[in-house]
Protein chains: 2
Amino acid sequence: MILASPTNTNSPEENTLEQFRLLCQKHGIKLTYQRLEIFRVLLSSTDHPTAEEIYARVKEKVPTISLDTIYRTLTTFEELGLVKRFYLFDDKARFDPNTKPHFHLICTKCQKILDFYWPEIKNIKIPDQVKKWGKINQLYLEFRGVCRQCQKK
Amino acid sequence: MILASPTNTNSPEENTLEQFRLLCQKHGIKLTYQRLEIFRVLLSSTDHPTAEEIYARVKEKVPTISLDTIYRTLTTFEELGLVKRFYLFDDKARFDPNTKPHFHLICTKCQKILDFYWPEIKNIKIPDQVKKWGKINQLYLEFRGVCRQCQKK
DNA sequence: GTAAGTGCAAATGATTTGCACAGCG
DNA sequence: CGCTGTGCAAATCATTTGCACTTAC
């Protein structure tokens, strides 16, 4: 498969391509059709999909792609800081393309994960016990509960 | 293997046995030597071990125990609310026998997990966005950083 | 005595890897 | 054109399960 022409228009499609071209250049990896489509799927996913879910979505555009390319590409993207890998309910890795600081709202019924932003949390007074322990680099916060839709059922 | 006599002395060993006997009775499961030793290992573990780690520890006392008994027993204990299962860095489940509300301090160098208590967190003002989403049942909080010992290296 | 629990071995599911070919730079 | 990336199949690792035997109650 040959990639689209290098000329940049202002369509969102072409912007993604151009953005991805620059990322590949910057990190010295090759721009392949597979990587581009995985990148697109990640950008449009707000539900923190598993590798299998990403596989299913990319397959619609690239039917010949294999699951191991998904895994390899996700690992590459993770190393470049484009996605974060995390584990939640089970042994399946989930991938979050949202690189802005945020937290998760998790419904324990439907297992859907929603991002939320809470910048004021920075002002929180961290307990002394935590300060004594060492140097804190990040705070992970997560609320678990039942979302509105599931409550209705 | 025949279990020790049912008479309760005040030694910590016997107290654990008696405590476990009552738990089994209450939940209607059989008191086996394997379950008791897994229970002991959990009680004495503050490092949130994986199933393999628990297996290695129990094996010192019960050399013939099998890994699948560890898994089955951990699942049973989880269902009874004696341990919590969670996923952190990888696809390996970790088990936490601490049933009191607490949070985790995680060293990203040595991967050690320390419990800490922060009851005042209950007074935190939960953002409206979170309240609108649904009913919150639990808050999970975790600090990641580098512990004192690892900083020295 | 009987149903629950255990150990063994094999199955399963997620993820990784070796290798030969394909395609980006 | 060379080396990185991909697809395939097989390997690996964590965890689960079927089955026959054991044991707590």
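Values in this document were obtained by computation on a predicted structure and should not be read as measured data. (Residues numbered from 1 in each chain as written. Chains lettered and ligands numbered in written order. Predicted model: local features only at pLDDT ≥ 70, side-chain atom pairs only at ≥ 80, totals over all residues. Heavy atoms only, no water.)

This part covers the protein's contact with DNA strand C. Surrounding DNA strand C, one finds 22 residues, the nearest of these being A:Y71, A:A93, B:T32, B:R35 and B:T69. Within 4 Å of the protein, the contacting atoms of DNA strand C are 69% sugar and phosphate, with bases supplying the remainder. Here B:D68 contributes a side-chain N or O atom positioned 3.1 Å from a base nitrogen of DNA strand C. Sorting the residues of the surface near DNA strand C by element identifies α4 (67-79) of chain A together with α2 (33-43) and α4 (67-79) of chain B as the ones contributing at least two each. (Near = heavy atom within 4 Å. Polar contact = N/O pair within 3.5 Å; in protein donor to acceptor, adjacent residues only side chain to side chain. Helix = DSSP H or I, 4+ residues; strand = E, 2+ residues; numbered from the N terminus.)

All names here are of chain A. For chain A, the assigned domains are domain 1 (12-96) and domain 2 (103-152). The partner domain 2 presents 8 residues to the 8 residues of domain 1 that form the contact. A combined buried area of about 660 Å² lies between domain 1 and domain 2, and 58% of that area is made up of carbon and sulfur atoms. Three residues, H48, L88 and F89, lead the burial of domain 1 against domain 2; their summed loss comes to 73% of the area buried on that side. Remark: the boundary between domain 1 and domain 2 carries 4 residue pairs in polar contact (both at pLDDT 80 or more). (Domains from an automatic or database assignment. Contact = heavy atoms within 4.5 Å. Buried area = accessible area lost by both parts, 1.4 Å probe.)

With that settled, consider the interface of chain B and chain A. Contacts between the two partners involve 39 residues from chain B and, on the opposite side, 39 residues from chain A. Summing the contributions of chain B and of chain A, the shared interface buries around 3,300 Å²; its carbon and sulfur component is 66%. Contact with chain A buries surface across chain B, with B:Y87, B:W133 and B:F143 losing the most and accounting together for 22% of the total. Here chain B is connected to chain A by 0 salt bridges. The interface formed by chain B and chain A holds 12 residue pairs in polar contact (both at pLDDT 80 or more) in total. Looking at the side of chain B that touches chain A, the elements with two or more residues in it are β3 (103-107), β4 (113-116), α5 (128-133), β5 (134-147) and α6 (148-152) of chain B. When residues of the side of chain B that touches chain A are assigned to their parent elements, the largest contribution, 14 residues, is made by β5(B). Partitioned by chemical class, the residues of the side of chain B that touches chain A number 23 nonpolar, 6 polar and 10 charged. (Salt bridge = Lys/Arg side-chain N within 4 Å of Asp/Glu carboxyl O. Nonpolar A, V, L, I, M, F, W, Y, C, P; charged D, E, K, R; others polar.)

Turning to α4(A), a few remarks are in order. Residue and element names in this part refer to chain A. Between the first and last C-alpha of α4 there are 19 Å, a value that for 13 residues agrees with the 18 Å anticipated at 1.5 Å per step. Taken together, the buried positions of α4 are occupied by I70, T73, L74, T76 and F77. Down the axis, α4 shows its buried residues gathered within 160° of arc, on one side only. Facing away from the buried side of α4 by over 90 degrees, the exposed positions are R72 and E79. The positive-phi residue at the C-terminal boundary of α4 is G81, with phi of around 80°. (Expected span 1.5 Å × (residues − 1). Buried < 20%, exposed > 50% of the residue type's maximum accessible area, 1.4 Å probe, protein only. Arc of directions from axis to C-beta.)

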